[in-house]
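Each chain, written out:
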Amino acid sequence: MTPVPAEIGYVGDRPVGREALDRRIAELRAGPSRAALPTPGSAEDRQLARWLTQVILTEALCEDEAARLGLAPVDGPPLDRIAAVELGSVNAAAYHGSPWVRAMYRHVTATAEVPAAWRPSPVRDDRETRYLVLHGLFEDRETARTATPADLEPLGAVTLESLPAALAAALRSRPFGELTGPVRDALGWHVAVAERSELDVAALDGETPASESGAEAPRLDAARRLAFARWIDEKRAATVRLVPGLEHPGDPRQPDNHHKHS
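All of the points below concern the structure found in this document. (Residues numbered from 1 in each chain as written. Predicted model: local features only at pLDDT ≥ 70, side-chain atom pairs only at ≥ 80, totals over all residues. Heavy atoms only, no water.)

### A short note on the environment of Tyr-10
At step 1: Along the chain, the position of Tyr-10 falls in strand β1 (residues 7-11).
At step 2: On the basis of relative accessible area, Tyr-10 is assigned to the buried category, the value being 19%.
At step 3: Expressed as a C-alpha distance, the spacing of Tyr-10 and Thr-239, which sit 229 residues apart in the sequence, is 8.0 Å.
At step 4: Sequence-distant contacts of Tyr-10, that is, excluding residues within four places in its chain, are made with Pro-15, Thr-239, Val-240, Arg-241 and Val-243.
At step 5: Here Glu-7 takes part through its side chain, which lies 3.4 Å from a polar atom of the side chain of Tyr-10. (Helix = DSSP H or I, 4+ residues; strand = E, 2+ residues; numbered from the N terminus. Buried < 20%, exposed > 50% of the residue type's maximum accessible area, 1.4 Å probe, protein only. Contact = heavy atoms within 4.5 Å. Polar contact = N/O pair within 3.5 Å; in protein donor to acceptor, adjacent residues only side chain to side chain.)

Given below as structure tokens:
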């Protein structure tokens, strides 16, 4: 019979003893979810031990890192379902179980930012952009030439596409806010002033419209979870060493992995 190793793995050069895994399994089998646990000695039971090993080693890794950085333990509320899924089951379990994981989460994600690709593009299609337009239509060029903004009537917030084509082209060719015209077409002589509406000014200046501001906090939370998941994956790969029999449950080389392909 192959002897049971005294360690479940190593974090750097530090061994993590088997008693930590045995204690965690005993707690689960004495807890309220014991009826849902796999039969001792089964393949599913060995997979549970592998999964718990990942959780314990993640906690140990974060405890070592927090000590090295001089961080204090952090309390916090449990993750909601979406957050737990985004972090992954091992990371979420470690986050719930260890104040040192929460401390490292806060430290690693302190400078996280929402990726630009996650935000709506501030570039708007001109055909959809609305402008506040003052407009006047005159029968002769001389009257149109002497018209002032006081002689024009407001059309409200409209797209340039909704205006006569010649007038729209003239408005696009001049700085917004300037009197444009006279421009002639089959209807007569047009004079107009166009200014961007407040919503479009905010979007074109890269500001967040009020309708988007409520979405920023969830995006930032998701960015933080992504940053932590990437950090802990890289740190585990560089720092943690597993022992035979307690490989990652998803490792295709271990005999209890069920995701086999013929």
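### Observations regarding the layout of surface pockets
At step 1: Here the largest pocket is characterised by a volume of approximately 340 Å³.
At step 2: Along the wall of the largest pocket there are 17 residues; nearest its centre are Leu-79, Tyr-95, Tyr-105, Asp-221 and Arg-225.
At step 3: Of all the secondary-structure elements, those providing two or more residues to the lining of the largest pocket are α3 (81-87), α5 (99-108) and α9 (210-239).
At step 4: When residues of the lining of the largest pocket are assigned to their parent elements, the largest contribution, 4 residues, is made by α9. (1 Å grid on protein atoms, 1.4 Å probe; cavity = no way out; pocket = protein on both sides within 12 Å on 5 of 7 lines; lining within 4 Å. Points joined across faces, edges and corners; volume = space filled by probe spheres on them.)

### Points about the sheet that holds strand β7 (residues 240-242)
Where strands meet in a sheet, backbone hydrogen bonds hold them as pairs that are either parallel or antiparallel.
At step 1: Across the sheet, 3 strands lie side by side as β2-β1-β7; this open sheet has antiparallel pairing. Both outer strands of the open sheet, β2 (14-17) and β7, are each paired with one neighbouring strand and no more. Adjacent strand axes in the sheet meet at a mean angle of 25° when their direction is disregarded.
At step 2: Strand direction decides the pairing type here: β1 and β7, joined by 3 bridges, are antiparallel. By the bridge assignment for β7, Tyr-10 is matched with Arg-241. (Pairing = 2+ DSSP bridges. Axes fitted to C-alpha atoms, helices over the stretch in contact; angles between N-to-C directions.)

### Focus: the side chain of Arg-236
At step 1: With respect to the element layout, Arg-236 can be found in helix α9.
At step 2: Only 2.9 Å separates the side chain of Arg-236 from the side chain of Asn-91, close enough to count as a polar contact.
At step 3: Every residue in contact with Arg-236, bar those within four places of it in the chain, is listed here: Gln-54, Thr-58, Leu-61, Val-90 and Asn-91.

### As for the sheet that holds strand β4 (residues 153-159)
At step 1: With respect to topology, 4 strands assemble into an open sheet ordered β4-β3-β6-β5, the strand pairing being antiparallel. Single-partner strands in this sheet number two, and they are β4 and β5 (180-185). Adjacent strand axes in the sheet meet at a mean angle of 35°, parallel and antiparallel pairs treated alike.
At step 2: Two strands pair when backbone bridges link them, and strand β3 (residues 130-138) and β4 are joined in this way by 6 bridges, in the antiparallel orientation. Following the sheet pairing, Leu-134 is matched in β4 by Pro-154.
At step 3: Its contacts with the sheet place helix α7 (residues 165-173) against β3, β5 and β6 (188-196), and it is angled at close to 155° to β5.

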